[in-house]
Amino acid sequence: MAFIFNGCNDNLDLEPEQDLTPEAALGSANNIQNLLVGAYDLAGQNEIFSGDYNLASELIANTGELAWRGTFQGPAEFNRKEITTGNGFVEDYWVVSYAVSNQTNLILENLDKFEEEEDAARVEGEAKFLRAVVYFDLLRFFALPYKAEGGNSQLGVPLVTTGVSDASQIEFPSRNTVEEGYDFVIQDLKDAIAKLPESNPTGTFYANKFAAEALLARVYLQQGDYQGALESANNVIQEGPYSLTGDFASAFNNDGNSTEDIFAWQITTQDGVNDMTTFWATRAFGGRSLTGDVTVEEPYFEVFSGDEDDRSTFFYEGNGTLLSTKWQNQFANIPFLRLAEMYLIRAESNFRLGSAIGATPIEDINTLRSRANAPTLSSVSLEEILEERKRELAFEGFALHDAKRLKQAIDDLTFNANSLVLPIPQREIDANPNLEQNPGYTN
């Protein structure tokens, strides 16, 4: 009996084999590399970048081009522009984004575990890229728009730079300003560009120098810094190893990265959920319903002058509705930074600046139109460049952010209306006394 009881005591003292203590998890270079892989996995969750951030952007900006036919209350609130502080989708955006931030902070605090300086630099660059990714969209969704004219003292989001590995380390930060937030994101991306190789040896689907520079071009464009956007986009086009796919369809529904994917969120049959198909496809292609939860309506097609454009017919029927063919493979990667976007950023920036760095605006626009079998243009205006952007990047999560930077009204709401900004989730307000709610929402 004594032998049996002693054996039981020994077993009770064992740590679960599937768990690691914080000290063990952060104790070696190999474990820090695994933590980085986990950060990619977190960022690529369907709750944020594998579908649901895109869903919010497109539905909040919707003025009749789309219809929400699903049963979830959260997206219905987006579509009505009547978002509540208890919206479950909004809560997931905040929680998962800050989980990514925390994981990257832990990685950055433990770079000394790497013996090789080159390995430490690469991991630092990847972690800062991922941290910039989440903070940029937290700012775009949870704060009033960035003002190109300056004076961005409006509340942004808390910028957390220390990692938490156990509950005793939890702090209760207040919100930084929008200016501080953008400065933080830009600095992380500049650091990433300096640290990352042009081709990441750990795998083509991890971030490299060009992914960080492409995201920086997007950030500069959102700010209205057209010179910065132009330089970054042109660098990616001129120096990067990317090329447009031979036809428009080949840019989507791919199991691996296409030639124009600067960075894509990886989905496989074993890992990841593609919520673009969940909500934007019929049941035959992994969606929730026979019609699709999000359908494309007739007003959207006003952006096309005719059907001599592959993008105008890139749709399929679902029980009497129309859906985008961009999202027809539930196990396909989700493009995040496409080379096509860089052409559009370069064209718009060059036009606004009256320059022709890399190519003229008309050359860049015709490059995309030719790929889509659309008639080429002999001249181009800013309005036509923005319409080309809407044709090329439709349903990829740009709608709300473009409306805000271009100061376009959404229905009867001005671009900076309080109801176009997501509320800080109520659970966060309840847990953190230092968090201030956004205007227009009650605690």
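Each chain carries its own residue numbering, running from 1 in the written order of its sequence. Whole-chain, interface and lining totals are the exception, using all residues; otherwise, since this is a predicted model, local features are given only for residues with pLDDT of at least 70 and side-chain atom pairs are given and counted only at 80 or more. Side-chain figures throughout are based on the complete set of non-hydrogen atoms in the structure, without hydrogens or water.

## Observations regarding the overall build of the protein chain
Secondary structure is summarised from DSSP: a helix means a run of H or I of at least four residues, a strand means a run of E of at least two, and numbering begins at the N terminus for each. Secondary structure summary: the protein chain contains 16 helices and 6 strands in total. We compute the radius of gyration from the C-alpha atoms alone; for a globule the expected value is 2.2 Å times N to the 0.38, where N is the number of residues. Taking 443 residues into account, the globule formula puts the C-alpha radius of gyration at 22 Å, and the protein chain, at 23 Å, falls close to it. Looking at the protein chain as a whole, 56% of its 443 residues qualify as buried. The contact criterion used is simple: two residues touch if any of their non-hydrogen atoms lie within 4.5 Å. Considering only residue pairs separated by 6 or more positions, the protein chain has 68% of its internal contacts joining residues 24 or more positions apart. Each accessible area is a Shrake-Rupley estimate made with a 1.4 Å probe; only the visible protein chains count as cover when residues are assessed. Of the roughly 18,600 Å² of accessible surface on the protein chain, 48% is carried by carbon and sulfur atoms. Charge convention: Lys and Arg are scored as positive, Asp and Glu as negative, and His as well as the terminal groups of each chain are ignored. Note that the charge is assigned to NZ on lysines, CZ on arginines, CG on aspartates and CD on glutamates. Here the protein chain carries 30 positive and 69 negative side-chain charges, and the mean point of each set is 6 Å from the other. Exposed residues in this analysis have more than 50% of their type's maximum accessible area, buried residues have under 20%, and partly exposed residues fall in between, with area computed by a 1.4 Å probe over protein chains only.

## A look at the pattern of salt bridges
Each salt bridge in this description consists of a side-chain nitrogen of Lys or Arg and a carboxyl oxygen of Asp or Glu lying within 4 Å of one another. Counted according to the given criterion, the structure contains 33 salt bridges. Residue aspartate 188 pairs with arginine 131 through a salt bridge whose shortest N-O separation is 2.7 Å. With aspartate 188 in helix α8 (residues 178-195) and arginine 131 in helix α7 (residues 117-142), this residue pair connects regions lying 57 residues apart in the sequence. Taking the relative accessible area as the measure of exposure, arginine 131 reaches 6% and is therefore buried. Salt-bridge contacts for arginine 389 lead to aspartate 402; the nearest nitrogen and oxygen are separated by 2.7 Å. With a gap of 13 residues between them, arginine 389 in helix α14 (residues 382-392) and aspartate 402 in helix α15 (residues 399-405) connect regions that are remote in the sequence. A relative accessible area of 5% places arginine 389 in the buried class. The buried category is assigned to aspartate 402, whose relative accessible area is 13%. A single salt-bridge network, built from bridges that share partners, covers Glu260, Asp309, Arg311, Lys326, Arg338, Arg369, Arg371, Glu388, Arg391, Glu392 and Glu396.

## Focus: unusual backbone geometry
Here the phi dihedral of lysine 81 falls at roughly 60°; this positive angle occurs in a residue that is not glycine. Relative to the assigned elements, lysine 81 resides in the loop between α5 (73-80) and α6 (88-108). One non-glycine residue, lysine 407, adopts positive backbone phi at about 60°. Looking at the secondary structure, you find lysine 407 in the loop between α15 and α16 (426-431).

## Brief notes about the packing of helix α3 (residues 29-43) against α7
Two packed helices can be described by the angle between their axes and the distance between those axes. Note on method: axes are straight lines fitted to C-alpha atoms, helices fitted across the in-contact stretch only, with angles between N-to-C directions ranging 0 to 180 degrees. Running from N to C, α3 and α7 cross one another at 20°; their axes reach a closest spacing of 11 Å. In terms of axis orientation, α3 runs roughly parallel to α7. In the crossing of α3 with α7, the sense of the turn from one axis to the other is left-handed. Only Arg122, Val123, Glu126, Ala127 and Leu130 of α7 make contact with α3, whose side of the interface consists of Ile32, Gln33, Leu36, Ala39, Tyr40 and Ala43. Grouping the amino acids of the contact of α3 with α7 by side-chain chemistry returns 8 nonpolar, 1 polar and 2 charged. Each angle receives one of four descriptions, namely roughly parallel if under 35 degrees, roughly antiparallel if over 145, roughly perpendicular if within 65 to 115, and oblique otherwise. In a left-handed crossing the near helix is turned counterclockwise from the far helix by less than a right angle, and in a right-handed crossing that turn is clockwise. Only Asp, Glu, Lys and Arg are considered charged, only Ala, Val, Leu, Ile, Met, Phe, Trp, Tyr, Cys and Pro nonpolar, and every remaining residue, Gly among them, polar.

## Some remarks on the packing of aromatic side chains
The pairing test for Phe, Tyr and Trp rings, Trp by its six-membered ring, is centres within 6.5 Å, and the orientation test on the planes gives stacked under 30 degrees, edge-to-face over 60, and tilted for anything in between. Across all of its chains, the model carries 38 aromatic pairs by this definition. Summarising the aromatic geometry, the rings of tryptophan 68 and phenylalanine 279 are spaced 6.0 Å apart at their centres and angled 50° between planes, so their arrangement reads as tilted. Note that tryptophan 68 is positioned in strand β1 (residues 66-68) and phenylalanine 279 in helix α11 (residues 275-280), a separation of 211 residues in sequence. For phenylalanine 279, a relative accessible area of 3% translates into the label buried.

Without other data, these values stay purely geometric and don't point to any function.
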